[in-house]
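Each chain, letter by letter, is given below.
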Amino acid sequence: MPQIYKILTAVLAFTGCGGLVITGQLNPLMLISGIGLIPGYIRFWKDMPNLSRWTIGGLSIATLFLFAVDTLIITGDMFIAVAHLTIVFQAIKSFDLKEPWDHLQVYFMSLLQLIIASELTRSAAFGLIFVIFLVALVTAMVISHFLKEGTVRKIRLRGPVIAISLLTLVITILFFISTPRVIGGLWGKSRTKNIKTAGFSEKVDFGSFGDIKLDPTIVMRVEMPEKAEGQLYWRGMMLDYFDGVSWRNTLKQKVRIPKSGYSFVAMPVSPGSVLTQKIFLEPLDSDVIFGLGTIARIEIESRAMFIDGGGAIFVPEKSPKRMNYTAYSILEEPLISDNTSYHVQFPSGLNKIAGFAREITKGSGTAMDRALKIEKYLKTNYIYSLKTASPPGGVNPIEDFLFNSRQGYCEHYATSMALMLRAVGIPSRVVTGFFGGERNKYGGYIIVRQSNAHSWVEAAIVGRWKRFDPTPPAPLIEAPSMFSLYLDSMRMKWYRYVVNFSSSDQKRLIEYISIPLLKIPDMPEVRVYGVRTLAYALVIIISAVMLVLLLRRFRIYRYEFVTAKYLKFRSSLKRKGANIMISSTPSDVMKEAVRLGMSEGAADFISLYERARFGGRGMNDEEKKRYRAMF
């Protein structure tokens, strides 16, 4: 067996296992068995003996027991347990590679591992591993073919390997582009882990204290016109009720948003009056959709969308996958369309805060003047800090912030202003989401991180919900390096054009390709599916033609009828009781033919077969005629 074939088998085994390891979601303890691949393939490389049948059998039984324990106790997840099981299998198989079928088992298991990994990660590194796997698999299969033909040392393999690898990549890309998209993971749900939203929250709670760490984890990436950038308030949820310790939303009854075509329309609006944002949202521990201003319309692949009484928009359930959607927002301050009685509630026991608010706003004529005074006072007389200490016994945390510590983070400022506004007769609410973001100059999009999580205030003034932000400027955070921004732009391209390649992208691509070619004006929806069917047919035809050309170029086809006739002869012997197995050689077949009294002509038949298959030359016309007439 050529050493290159052994190397390729090892590469495929390590590629499959590596694809699972980079997901970062496997139990490190269960990965220890993968170390066995190293001595296993070193042994295979040096042609050392395999482990005994009893040892392999014992390890296999132990593996099944470990799988049961893993499923029920260690991980409690059968999907992850299967991933662990495949790594153990690869390790055991590296000590038991005897027949060509054993190598095919390794290839199949590696493919299964990559399928599992595709559900556990969306990393661009996975794409690189997949390409390595594809090229290695094609090379191994080509060598396997020539090994069976007995001509592996007589044919230059570089040509077939390069040609078939390129053909496979082209077919894979065409298949990827043309296959109809399905919402949801391969196994019904994705298993990528959600980001725990330590900054943004559907509830603001002052029940815990200590240092808060700024998290640089990316929450979303946004493509939008550069000229539209300014103060970017990515609105998430509205909170209207404060019980003295925490805020919550009491207007949380959700209403289904009507769908029109590919869009969910929350409110009718003319196309020219909205700001378009293409948003790529990481999997969050929330079902809220973010956008600037008031989202009037949203394009998203979802069976339904909902909106609550505060204007927050939700998907049907928390997404376990990255979501991409297009939000069309109105940047004007929203009109007051709901009952503001929900936004004047003031918790008992906080009379000191109410008196403080009246003192600050003394002499202010309008509601806007009072709101601006409170905002300015908080911004200029307090210090932004992520360090908070527990207040003295019996003291409310907001009173402690206003009158004692005089330092805190956005939630302290937003809460204080909302309460003070309510104390002077202005309905108000707290809004949570994200503020700002950094533009990635290499990718032309905005990066929003966990550290951008923010809370601000909306006050009902002159018929609209006016936004106020009383939080002082936070300390500057070290800017990311150029290399990290460039790397993230590569990740963005991977997410955008591979992981998040949606049915709408598919439709636009097919229309882009087909309309100039076919000159079809205003192609109706049904035409898209006709073009897609035509694309499938073209892929099949082109693939078949290229494969025939390859076979003709490398003369693989010349042994076809010889092999078919030989296999037919073997089958006829087996039906008559011959002891013929998959590994039986032509000599073994000849012995069985003699034993069954079919020696007449068998020697000539086997001799012609061996010369044609393994002698490095084809048959002449007379030999072909004689060979076909036998048996």
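Caption draft 1: Spotlight on the sheet that holds strand E10 (residues 275-281). Within the open sheet, the 8 strands sit side by side as E8-E9-E13-E16-E10-E3-E22-E21. Their pairing is antiparallel. Looking at which strands have only one partner, the edges of the open sheet turn out to be strand E8 (259-260) and strand E21 (438-440). Taken together, the 4 bridges between strand E3 (residues 218-223) and E10 define a ladder with antiparallel strand orientation. Bridge assignment links Met220 to a residue of E10, and that residue is Leu281.

Caption draft 2: Just the environment of Pro586, in detail. Along the chain, Pro586 turns up in helix H16 (residues 586-595). Pro586 sits in the buried class, given a relative accessible area of 15%. Setting aside residues up to four positions removed in sequence, Pro586 forms contacts with Tyr566, Ile606, Tyr609, Glu610 and Phe614.

Caption draft 3: Seen up close, the packing of aromatic side chains. Tallied over the entire structure, the rule returns 16 aromatic pairs. On the basis of an interplanar angle of 50 degrees and a centroid distance of 6.2 Å, the ring pair of Phe14 and Tyr41 is categorised as tilted. Here the residue Phe14 occupies a position in helix H1 (residues 3-21), and Tyr41 occupies one in helix H2 (residues 37-45), the gap between them amounting to 27 residues. A residue is classified by how much of its surface remains accessible, and Tyr41, at 6% relative accessible area, is buried. Seen from their ring centres, Tyr233 and Trp456 are 4.9 Å apart, and the 70 degrees between their planes marks the pair as edge-to-face. Of the two residues, Tyr233 is situated in strand E4 (residues 233-239) and Trp456 in strand E23 (residues 453-461); the sequence distance between them amounts to 223 residues. You'll find Tyr233 and Trp456 in the same group, each marked buried. An aromatic cluster is present here, built from Phe356, Tyr377, Tyr382, Phe401, Phe403 and Tyr413 joined pairwise through their rings.

Calculation notes
- Residues numbered from 1 in each chain as written.
- Predicted model: local features only at pLDDT ≥ 70, side-chain atom pairs only at ≥ 80, totals over all residues.
- Heavy atoms only, no water.
- Pairing = 2+ DSSP bridges.
- Helix = DSSP H or I, 4+ residues; strand = E, 2+ residues; numbered from the N terminus.
- Buried < 20%, exposed > 50% of the residue type's maximum accessible area, 1.4 Å probe, protein only.
- Contact = heavy atoms within 4.5 Å.
- Phe/Tyr/Trp six-rings, centres within 6.5 Å; stacked < 30°, edge-to-face > 60°.

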